[in-house]
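# A look at the structure
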Amino acid sequence: MAYLHCHICKWEQDDFWDENYNPITFLENSYKDILFNESLDEVFQVDRYIGNDIEGWKHYSSKITKRQNIISSLKRAIEAIDNMIWRTQEEFERKNPKRIYPNCGKQTLNID
Ligand SMILES: [Zn+2]
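In this text the structure is predicted, and so the values were computed from the model without any measurement.

Looking only at helices and strands, the protein has three helices and five strands in total. For the protein, the α and β elements follow one another from N to C terminus as β-β-α-β-β-α-α-β. Taking all 112 residues of the protein together, 4% fall into the buried category. For the protein, long-range pairs separated by at least 24 residues make up 59% of all intrachain contacts whose partners lie at least 6 apart in sequence.

Given below as structure tokens:
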């Protein structure tokens, strides 16, 4: 899965989408079973690492319900759709052959 991001201004978009990975299938694969088969108000611990390799990673730990966790993921999916410019690698190569960043205009696009 390829992920497009800028090391200078930190702009990023979601991993390229395809049949198997996109915000809709991600939500379905991750949460459908929980939605039907688990207790939504069960509290569990979530550990997240937010940051990047340059500035470092910060560890966040919190206790939330499964219901809240699904809602947070839905919100992140909305953001991912909102921020997506090039949905597939093919679309990216075709519409931005010089690999210029949408935010800072630098030619420093990285695909990891
Ligand atoms: Zn940039």
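Here the narrative resumes.
This brings us to the pairing of strand β1 (residues 3-6). Both faces of the sheet carry side chains from a regular strand, because those side chains alternate between them. Relative to strand β2 (residues 12-15), β1 runs antiparallel, the two sharing two bridges. Each bridged residue has a counterpart across the sheet, and for Y3 the counterpart in β2 is D15. The hairpin formed by β1 and β2 contains five residues between the paired strands, and K10 there has a positive phi angle of roughly 75 degrees.

Each assigned domain of the protein is listed here: domain 1 (1-17 + 86-112) and domain 2 (22-83). Inter-centroid distance (C-alpha atoms) of domain 1 to domain 2 is 24 Å. For the side of domain 1 that touches domain 2, the class distribution of residues is one nonpolar, two polar and one charged.

Next up on the list: the pairing of strand β3 (residues 43-52). A small share of β3 lies buried, amounting to zero of its 10 residues. In this sheet, strand β4 (residues 56-65) lies alongside β3 in antiparallel orientation, the contact comprising 10 bridges. If you follow Y49 over to β4, its bridge partner there is H59. Linkage of β3 to β4, two consecutive antiparallel strands, is achieved through a turn of three residues.

Take unusual backbone geometry next. Phi at K10 takes a positive value of approximately 75 degrees, unusual for a residue other than glycine. By the element assignment, K10 lies in the loop between β1 and β2. A count of 12 C-beta atoms within 10 Å places K10 in the exposed class. Phi at R99 is positive, roughly 55 degrees, even though this residue is not glycine. Locating R99 in the fold gives a position in the loop between α3 (89-95) and β5 (109-111). C-beta crowding within 10 Å serves as the criterion here: with 14 such atoms nearby, R99 is assigned to the partly exposed category.

Cut-off values and rules
Residues numbered from 1 in each chain as written. Predicted model: local features only at pLDDT ≥ 70, side-chain atom pairs only at ≥ 80, totals over all residues. Helix = DSSP H or I, 4+ residues; strand = E, 2+ residues; numbered from the N terminus. Buried ≥ 20, exposed ≤ 12 C-beta atoms within 10 Å, placed from the backbone. Contact = placed C-beta atoms within 7 Å. Pairing = 2+ DSSP bridges. Domains from an automatic or database assignment. Nonpolar A, V, L, I, M, F, W, Y, C, P; charged D, E, K, R; others polar.

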